[in-house]
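Residue-level listing of the chains:
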Amino acid sequence: MAYYENIESALIHGGISTDPATGAVNVPIYQTSTYQQQGLGENAGWEYSRTGNPTRAALEALIAELEGGAAGFAFASGMAAITAVLSLLKSGDEVIISSNVYGGTFRVLDKVFLPFGLKYKIVDTSDLAQVEEGIGTQTRAILIESPANPLLTVTDLAGVSAIARKHGILSIVDNTFMTPYLQRPLELGADIVLHSATKYLGGHSDLVAGLVVVKDEALAKRLAFLQNATGGVLGPFDSFLLIRGIKTLAVRMDRHVENAEKAARFLQAHPAVKHIYYPGLPNSEGYAINRRQARNGGAMISFELYENYDIRAFFKALRLIALAESLGGVESLVCHPATMTHASIPKEIRDQVGITEGLIRLSVGIENSDDLLADLEQAIAKGERK
Ligand SMILES: *Cc1c(COP(=O)(O)O)cnc(C)c1O
């Protein structure tokens, strides 16, 4: 029974948010692998912590409520979540993926699932005609990100979901970059939404976790089976940390986005910047569609400097913004997709989709925006080749 209507309240009170046994306002960390049974076949609903753990269950109920689905599942990482979801498919099936997806998603498909006979096809999903054309007789699922990693390409989630439904195939959305606070794919028609909760949901760069929410009960049963059978579950302590992180998601995201919008305007106006990718800029390619399906453009920005700038010198000169993999933490991070997050994608494919050597990806944190812009300014200046 919920006494609220808005997501800001659900983030704090959603799912199982208190401890019924003691009234504690936080769910305890049930650091246990097993549960004593009253007799054969008699138990309090918990048998073994791979199958179910009360702290994890609280997190799973919370994310299901936030995404508006039938059930949630917590995994040890985003990749464990993606692996469990892909395990819904079988040898001979084909999955369509967006032309820029997280490097690890490409890698697990290319190096792990392909040898088992699960095929993949890369399609520019920002063009619905290409999605329709890409669907073959063996296609069973479409896995998309919007905005996608790292070029922030926007895909029409309602459009792709409708095409998928028409063909009787699963639509799966990696919502890591947006979170349910900014975008809710299930409401747009998707079957499955997943997250690397390592990023904005955790929000503090102090845990690795993955979450999945499915729309209907039948899929929930299959995924619950796969989660237990393959076993990549999230532990109780990390489940607790993630619940704690999610409570402040709304206030963090508001500041992340406010800072990102300032940084995008700054970079767009800067003479050193050759190209900027940010769906929150009204003149960006995906702006209108993103506006329709999401609250705003999020807080990830990618950009390229002109050739007379040395990006190695730029990275070295940054003082406040850290050079690191990952994103979505309170601290601003910058990365070089070609050699870091997307290094597992072959160069030909990287070049084809526009992940160039000069591309810089910025995860805008919640520091003071003047400090962030000053750091970018001085690092760009130091990057100029004299
Ligand atoms: C980081 C990331 C993943 C992988 O998640 P891990 O928690 O690192 O396993 C998947 N998708 C996107 C979009 C990501 O950014």
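In what follows, the structure referred to is the one given above.
From a predicted model like this one, the values you see are computed outputs, not experimental measurements.

Cut-offs applied
Residues numbered from 1 in each chain as written. Predicted model: local features only at pLDDT ≥ 70, side-chain atom pairs only at ≥ 80, totals over all residues. Heavy atoms only, no water. Pairing = 2+ DSSP bridges. Helix = DSSP H or I, 4+ residues; strand = E, 2+ residues; numbered from the N terminus. Axes fitted to C-alpha atoms, helices over the stretch in contact; angles between N-to-C directions. Contact = heavy atoms within 4.5 Å. Near = heavy atom within 4 Å. Polar contact = N/O pair within 3.5 Å; in protein donor to acceptor, adjacent residues only side chain to side chain. Areas by Shrake-Rupley, 256 points an atom, 1.4 Å probe, with all protein chains shown as cover. Nonpolar A, V, L, I, M, F, W, Y, C, P; charged D, E, K, R; others polar.

A. Main features of the sheet that holds strand β5 (residues 170-174). Taken in spatial order, the seven strands of this open sheet run β1-β7-β6-β5-β4-β2-β3, and their pairing is mixed. In this open sheet, the two edge strands, each paired with only one partner strand, are β1 (71-75) and β3 (119-123). When strand polarity is set aside, the average angle formed by the axes of neighbouring strands in this sheet is 20 degrees. Pairing of β5 with strand β6 (residues 192-196), which is carried by three bridges, proceeds in the parallel orientation. Residue pairing in the sheet places I172 in a bridge with I192 of β6. The sheet contacts of helix α4 (residues 103-113) involve β2 (94-98), β3 and β4 (139-145), and relative to β3 the element is tilted by about 140 degrees.

B. Examining the site of the ligand more closely. Around the ligand, 15 residues are found, and the nearest of them are M79, D174, S196, T198 and K199. G78 is positioned such that a nitrogen or oxygen atom in its backbone is 2.9 Å from an oxygen atom of the ligand. At a separation of 2.7 Å, an oxygen atom of the ligand approaches a polar side-chain atom of K199. Coverage of the ligand by the protein chains reaches 92% of its 380 Å² of free accessible surface. Looking at the shell around the ligand element by element, the count peaks at three residues for helix α3 (residues 78-86). Looking at the shell around the ligand residue by residue, the classes come out as six nonpolar, six polar and three charged.

C. Layout of the sheet that holds strand β12 (residues 359-363). Ordered by their spatial adjacency, five strands build an open sheet running β8-β9-β12-β11-β10, and the pairing between neighbours is mixed. Each end of this open sheet is capped by a strand with a single partner; those strands are β8 (273-277) and β10 (322-323). In terms of strand pairing, strand β11 (residues 333-335) meets β12 through three bridges, oriented antiparallel. Bridge pairing in β12 links C335 to R361. Running at roughly 15 degrees to strand β9 (residues 300-305), helix α10 (residues 249-269) makes contact with β8, β9 and β12 of the sheet.

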